[in-house]
Amino acid sequence: MARQFRAAGHEIVATATNADLAVINTCTVTGEAASDSRAAVRRANRLGAGQVVVTGCWATLEPGQAAALPGVRKIVPNQHKDALAADLLELPREFFDLEPLSRTPLPGLHARTRAFIKVQDGCDNACTFCITTVARGASRSRPLDEILADVQSALEGGTKEIVLTGVHLGSWGLDFSTSPEAGPSQPCLPDLISALLTRTSVPRLRLSSLEPWDLDASFFTLWTSSLFPSGTKALEAGSQLCRHLHLPLQSGSARVLKRMARKTDPDSFAALVESARNFIPQVAITTDVIVGFPGETEAEFAETLEFVRAMNFAGGHVFTYSARPGTPAARMRGQVPHEVRKERSALLRGVFAKSARAYQSRFVGQRLPVLWESTDRLTDSGWTLEGLTDNYLRVTAVAPEPRWNVLDDVLLVNLTENGIAGRIQF
Ligand code: SF4
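Residues numbered from 1 in each chain as written. Predicted model: local features only at pLDDT ≥ 70, side-chain atom pairs only at ≥ 80, totals over all residues. Heavy atoms only, no water.

## A word on the sheet that holds strand E12 (residues 382-389)
Backbone hydrogen bonds hold the strands of a sheet together, and the pairing may be parallel or antiparallel. Strand order in this closed barrel of 5 strands is E11-E12-E13-E15-E14, and the pairing throughout is mixed. When the angles between neighbouring strand axes are averaged without regard to direction, this sheet yields 45 degrees. Judged from the 7 bridges that link them, strand E11 (residues 367-379) and E12 form a sheet pairing that is antiparallel. Bridging from a neighbouring strand, Trp-372 pairs with Gly-387 of E12. (Pairing = 2+ DSSP bridges. Helix = DSSP H or I, 4+ residues; strand = E, 2+ residues; numbered from the N terminus. Axes fitted to C-alpha atoms, helices over the stretch in contact; angles between N-to-C directions.)

## Thoughts on the site of the ligand
All residues adjacent to the ligand are Cys-123, Asn-125, Cys-127, Phe-129, Cys-130, Thr-133, Val-167, Glu-211, Trp-213 and Arg-262. Along the lines of polarity and charge, the residues of the shell around the ligand split into 6 nonpolar, 2 polar and 2 charged. (Near = heavy atom within 4 Å. Nonpolar A, V, L, I, M, F, W, Y, C, P; charged D, E, K, R; others polar.)

## A closer look at the pattern of salt bridges
Overall, the coordinates contain 22 salt bridges when judged by the stated rule. Note that Arg-204 and Glu-161 form a salt bridge whose closest N and O atoms lie 3.0 Å from each other. Here the residue Arg-204 occupies a position in strand E7 (residues 204-207), and Glu-161 occupies one in strand E6 (residues 161-166), the gap between them amounting to 43 residues. Taken as a pair, Arg-204 and Glu-161 share a single burial class, namely buried. Salt bridges here are not isolated pairs; linked through shared partners, they connect Arg-3, Arg-142, Glu-146 and Asp-150. (Salt bridge = Lys/Arg side-chain N within 4 Å of Asp/Glu carboxyl O. Buried < 20%, exposed > 50% of the residue type's maximum accessible area, 1.4 Å probe, protein only.)

## A short note on the confidence of the model for the protein chain
Taken over all residues, the pLDDT of the protein chain has a mean of 90, while the share at 70 or more is 91%. Within the model, the stretch residues 226-236 combines pLDDT values under 50 with 18 contacts to residues more than four positions away or in other chains. (pLDDT = per-residue confidence, 0-100. Contact = heavy atoms within 4.5 Å.)

## Brief notes about the sheet that holds strand E5 (residues 140-141)
Taken in spatial order, the 4 strands of this open sheet run E5-E4-E6-E7, and their pairing is mixed. Pairing within the sheet leaves two strands with one partner each, and these edge strands are E5 and E7. Of the strand pairs in this sheet, E6 and E7 are connected by 4 bridges, and their pairing is parallel. Each residue of the ladder has a partner; that of Ile-162, found in E7, is Leu-205. Where helix H8 (residues 144-156) meets the sheet, it contacts strand E4 (114-121) and E6, and its direction lies at approximately 170 degrees from that of E4.

## Overview of the packing of helix H10 (residues 217-224) against helix H13 (residues 266-279)
The relative placement of two packed helices is expressed as an angle between their axes plus a distance between the axes. Where H10 meets H13, the axes come as close as 9 Å, and the angle between the chain directions of the two elements is 20 degrees. With respect to each other, H10 and H13 are oriented roughly parallel. Crossing of H10 over H13 shows right-handed handedness. Along its contact with H10, which presents Ala-217, Phe-220, Thr-221 and Thr-224, the element H13 presents Leu-272, Ser-275, Ala-276 and Phe-279. (Parallel < 35°, antiparallel > 145°, perpendicular 65-115°, else oblique. Left-handed = near helix turned anticlockwise from the far one by under 90°.)

## Structural notes on the packing of aromatic side chains
For the structure shown, the criterion picks out 11 aromatic pairs. Ring geometry for Trp-172 against Phe-176: centres 5.4 Å apart, planes inclined by 85 degrees, an arrangement best described as edge-to-face. For Phe-176, a relative accessible area of 6% corresponds to the buried category. For the ring pair Phe-269 and Phe-313, a centre distance of 6.1 Å and an interplane angle of 65 degrees mean the geometry is edge-to-face. Taken together, the residues span a long stretch of sequence, with Phe-269 in helix H13 and Phe-313 in the loop between helix H14 (298-311) and strand E10 (315-320) at a distance of 44 residues. (Phe/Tyr/Trp six-rings, centres within 6.5 Å; stacked < 30°, edge-to-face > 60°.)

## Here we look at H10
For H10, every residue scored as buried is listed here: Phe-219, Phe-220, Leu-222 and Trp-223. Across the axial projection of H10, the buried residues extend over an arc of 120 degrees, all falling on one side. (Arc of directions from axis to C-beta.)

## A short note on the nonpolar core
Core analysis: the biggest nonpolar cluster contains 50 residues, and Ile-162 and Phe-219 have the highest contact counts within it. Sequence-distant contacts of Ile-162, defined by excluding residues within four places in its chain, comprise Ala-115, Ile-117, Val-151, Ala-154, Leu-155, Val-202, Arg-204, Leu-205 and Arg-206. If you look at the next biggest cluster of nonpolar residues, it comprises 16 residues, including Ala-284, Leu-368, Ala-397 and Ile-424. (Core = buried A, V, L, I, M, F, W, Y, C linked by side-chain atoms within 4.5 Å.)

## Re the pairing of E4
With 6 of 8 residues buried, E4 is to be regarded as a mostly interior element. Sheet analysis places E4 next to E6, joined by 6 bridges and oriented parallel. Across the sheet, Ile-117 pairs through a bridge with Leu-164, a residue of E6.

Structure below.
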């Protein structure tokens, strides 16, 4: 959207204070996300944005509530989001096909160096807690050529890291089977990844969340295939295809997973993790867990705690269950009291914090490339930089000049409160 507004001659500014128009992309994945979205709309209006336009999942499901927020001029439901800029500016949609414009990071204090490229939307699964399928509909993949063009434009804008995203990323290509997009064989996510690695010069390619049932051992050969001529050595030095897999677990109890209608169980999840670790040395495996799902007993929660401990994750997000109206789980009996949900969440967060620490400590003393994402603090000793390794270690270092969006070779020296302190090897 930002690129389209720029293509039409508009400038993207860092805060709503200076904006003639603010577009708020809302979320409703949890009750908290929906409330944050409403706060963002109110904030944009309070800061003085000339007009506020609201889109995304929460606005699609609750258009009346969204329209009633102060200063909101228009609601754009998800199905019209792709044409949001064209419709607001009253331009033909084809206008944006005429002249490709490089994609540059948005301005502001938290400017991201990573370009998040959406390759797929919607989902055909029916996890009982999930409102996303209601808000986003069935799975649709973007054609390969369109994704390649988008990645190319991000690279031309100076992007060093591309993150492939999708509501159900692992299903990319599967809906092409009945369309003219389908070639002799059905395309799937590994084909997309190989094409990006071979047909672009992307320095770093990261995958966002992947459902465990979409993967098998052959998927991990992408990391060890001939794409990396020096094989394992290249992997150890940090690789072009980031050694980071985010595999949502949601629960470590087989019974809870069944009630969630997840297509996995703890044994197959553990086997997948083992296989990933065999193929990709030092891979960071992170996850999401929902705590306090309806009917979750003490014993089932204890299974989750034990399983998460045993998996030695490099990190994880704990979501305290919040009923989303319209989902089967919201109607289930045995809703867990809020106090219990909170207590369990705190316990599990403690387990994740410990295993994340253990993972980080394995890398102290190693040299890894770090892409600096923020360089916004100048102290007496120099600029404080913060960035990520390919295996998702958060690293800080000090340099004589700001090095935003630079990839540096860094010696990881010691653990800090939130990550690892490093020294740039100039
Ligand atoms: S896989 Fe499940 S949780 Fe993920 S988007 Fe689909 S239905 Fe929702």
